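# Commentary on secondary and tertiary structure
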Amino acid sequence: MRVVTSGSAYLDIDAYACCIAYAELLNQQGIAARAVSSAPLNTSISNSVLGWDARLDDYRPVAGDEYVLMDVSDPDHFDPFVQLANVREVIDHHPGFEHYWAQRLGTAADIQPIGAAATLVFLRWEAAEALTHISPHSAALLATAILDNTLNFTGQMTTPQDTRAYDVLARRANLSAEWPQCYFGECQAAIEADLTGALSADMKRMTATPNLPQRIAQMTVWDAGELIHQHHAAIDQWLAAQGEDWLLNAISLRECKSYWLAGSSLSRHKLSRLVDVEWQGSLAVLPHGMQRKELLKLALAAPVEPVNAPDKAACC
Ligand SMILES: [Mn+2]
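Computed from a predicted model, the values in this text were never measured in an experiment. (Residues numbered from 1 in each chain as written. Predicted model: local features only at pLDDT ≥ 70, side-chain atom pairs only at ≥ 80, totals over all residues. Heavy atoms only, no water.)

### Here's the deal with the side chain of Ser-267
What counts is decided by this rule: Counting from the N terminus, the helices are DSSP H or I runs at least four residues long and the strands are E runs at least two residues long. Only protein chains enter the area calculation, which uses a 1.4 Å probe; residues under 20% of their type maximum are buried, those over 50% are exposed, and those in between are partly exposed. Contact definition: two residues touch when any of their heavy atoms are within 4.5 Å.
On the secondary structure map, Ser-267 appears in helix H10 (residues 265–274). Residue Ser-267 is classed as buried on the basis of its relative accessible area, which comes to 0%. Non-local contacts of Ser-267, meaning those with residues more than four positions away in its chain, are made with Pro-213, Glu-244, Asp-245, Trp-246 and Ala-262.

### Digging into the pairing of strand E1 (residues 2–5)
Test applied: By this definition, two strands are paired if DSSP reports at least two bridges between them. Classification remark: right-handed applies to a crossover when, strands pointing away from the viewer, the course from the first strand over the helix to the second runs clockwise.
Across the two faces of E1 the burial is the same, with Arg-2 and Val-4 and Val-3 and Thr-5 all buried. Pairing of E1 with strand E2 (residues 33–35) involves three bridges; the strand directions are parallel. Within E2, the residue paired with Arg-2 across the bridge is Ala-33. The parallel pair E1 and E2 is bridged by helix H1 (residues 13–28), and the resulting crossover is right-handed.

### Examining unusual backbone geometry
Positioned with a positive phi, Asp-71 is a non-glycine residue whose angle comes to about 65°. Even without being a glycine, Asn-174 presents a positive backbone phi close to 60°. Mapped onto the elements, Asn-174 comes out in the loop between helix H6 (160–173) and helix H7 (179–193). What makes Asn-174 exposed here is its relative accessible area of 70%.

### Focus on the environment of Gln-291
To keep it simple, the criterion reads: Nitrogen and oxygen atoms within 3.5 Å of one another constitute a polar contact, given that in protein one can donate a hydrogen and the other can accept it, and given that sequence-neighbouring residues count only through two side-chain atoms.
By the element assignment, Gln-291 lies in the loop between strand E10 (283–286) and helix H11 (292–301). For the pair Gln-291 and Leu-212, spaced 79 residues apart in the sequence, the C-alpha separation amounts to 13 Å. In this structure Gln-291 touches Asn-149, Leu-151, Gln-218, Asn-249 and Ile-251, once residues within four positions along its chain are discounted. In terms of polar contacts, Gln-291 uses its side chain to reach the backbone carbonyl oxygen of Asn-149, at 2.6 Å.

### Observations regarding H11
Along H11, the residues that are buried comprise Arg-292, Lys-293, Glu-294, Leu-295, Leu-296 and Ala-299. Tucked into the core, H11 has its buried residues touching helix H5 (136–149), strand E6 (203–205), strand E7 (215–221), strand E8 (246–252), strand E9 (257–262) and H10.

### Focus: the coordination of the manganese ion
Which entries qualify depends on this criterion: Here a donor is an N, O or S atom found within 2.8 Å of the metal, or within 3.2 Å if the metal is Na, K or Ca; sites may look incomplete because water is not among the atoms.
Looking at the manganese ion, one finds its protein donor set to be Asp-14 (OD), Asp-71 (OD), His-93 (NE2) and Asn-149 (OD1), positioned 2.1 to 2.4 Å from the metal centre. Donor residues for the manganese ion sit on one chain with the sequence pattern D-x56-D-x21-H-x55-N. Of this pair, Asp-71 sits in the loop between strand E3 (66–70) and strand E4 (87–92) while His-93 sits in the loop between E4 and helix H3 (98–105); the two residues are 22 residues apart in sequence, bridging distant segments of the chain. In this structure, Asp-71 and His-93 share a single accessibility class: buried.

### Comments concerning the packing of H1 against H5
Stated precisely, the cut-off is as follows: Axis lines are fitted to C-alpha atoms, over the contacting stretch for helices. Their N-to-C directions set the angle, which ranges from 0 to 180 degrees. Throughout this description, any angle smaller than 35 degrees is read as roughly parallel, any larger than 145 degrees as roughly antiparallel, any in the 65 to 115 degree range as roughly perpendicular, and the remainder as oblique. Crossings are classed by handedness, with left-handed meaning an anticlockwise turn of the near helix from the far one by less than a right angle and right-handed meaning a clockwise turn.
The interhelical angle for the contact between H1 and H5, taken along N-to-C directions, is 150°, at an axis separation of 8 Å. Relative to H5, H1 is oriented roughly antiparallel. For the pair H1 and H5, the sense of crossing is left-handed. Listed contacts from H5 to Ile-13, Asp-14, Tyr-16, Ala-17, Cys-18, Ile-20, Ala-21 and Glu-24 of H1 are His-137, Ser-138, Leu-141, Leu-142, Thr-144, Ala-145, Asp-148 and Asn-149.

### Things to note about the domain arrangement of the protein
Our working rule: Note: domain ranges come from an automatic or database domain assignment. Buried area counts how much accessible surface, traced with a 1.4 Å probe, disappears from two parts once they are put together, with both parts' losses summed. Salt bridge, as used here: a side-chain nitrogen of Lys or Arg that lies within 4 Å of a carboxyl oxygen of Asp or Glu. Only Asp, Glu, Lys and Arg are considered charged in this grouping, and only Ala, Val, Leu, Ile, Met, Phe, Trp, Tyr, Cys and Pro are considered nonpolar; every other residue, Gly among them, is considered polar.
Looking at the assigned domains, one finds that the protein contains domain 1 (2–184) and domain 2 (194–301). A straight line from the C-alpha centre of domain 1 to that of domain 2 covers 25 Å. Opposite the 16 residues of domain 1 that make contact, domain 2 presents 20 residues. Carbon and sulfur atoms make up 65% of the surface buried where domain 1 meets domain 2, a total of about 1800 Å² over both sides. Of all residues in domain 1, Tyr-10, Pro-95 and Leu-151 bury the most surface against domain 2, accounting for 31% of the area lost on that side. Inspection of the region where domain 1 meets domain 2 yields zero salt bridges. Taken together, domain 1 and domain 2 are joined by four residue pairs in polar contact (both at pLDDT 80 or more). Here the residues of the side of domain 1 that touches domain 2 are counted per class, giving six nonpolar, 10 polar and no charged.

### A closer look at the sheet that holds E4
Ordered by their spatial adjacency, five strands build an open sheet running E2-E1-E3-E4-E5, and the pairing between neighbours is parallel. The outermost strands of the open sheet, each flanked by one partner alone, are E2 and strand E5 (109–111). Within the sheet, the average angular offset between the axes of one strand and its neighbour, ignoring direction, is 15°. Docked against the sheet, helix H4 (residues 117–127) engages E3, E4 and E5, running at close to 115° with respect to E4.

### Some words on the environment of Gly-225
Position of Gly-225 relative to the elements: it lies in helix H9 (residues 224–240). Considering only alpha carbons, one finds Gly-225 and Ile-251, 26 residues apart in sequence, at a separation of 9.1 Å. Contact partners of Gly-225, with chain neighbours within four places excluded, come to Ser-252, Glu-255 and Tyr-259.

Structure (structure tokens):
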């Protein structure tokens, strides 16, 4: 069995769509595959999306299964049932592990800087000349994943391939012109209804990257300024309970900006080394929407700051 799966922390709409739509393609090609995850779904998988006729498979991996990893390539972040030695294929758009997988898998590792991993899955369907057979729910899932991961085509990683894939898939799925606004509005309502749940469902540990705050929570909403204005204290309190070195990256699609809320002067210092931002207390507003994976790319490219030698005055 080919087990098509993703990360351990949570599934977002991109990972969810990729698992379901790629397992469907493999099955159509005569390769038995299941879309499987043990991770919780985050708020990007909105109520409308959950109402579509699409599900992960109820399947428990067994010895001898092979694994296909979608929208993740960091071995520390895989779903815990994944057997590293049995990974057959990786399709992802996060930076950092391209070389590792190219050495292990050669061309079976497909890691590209592109707006959504869902676009890479769309390209597989297209290359297989199978798009006329894609189910409406898989087309709708992939299209919505592209909307989300490209920040409605405003994200800096968006490519012409993402835009083209959305157009083709939205037509196949009969999505209306109002779907983007409807979808993002639904996501914001879900986040506001359970703010701490949304924070914990989209929080990543970045401890392997010393140039970044140790924890980064991210949310993509229609109006992040308003959300932070209304819920600043609750967000602060919940994140502070997770430690002192953290960032909330709230992406605001209405204004195409990122709102950053940082946990401490250490967190702000790390971020200011990567991006020229002006802090007002713990808050900074970036003039464009920046995704966590873009920030990760900057952090990986920057030199690691040497740990300060002990301060003599403090010792004496
Ligand atoms: Mn993604």
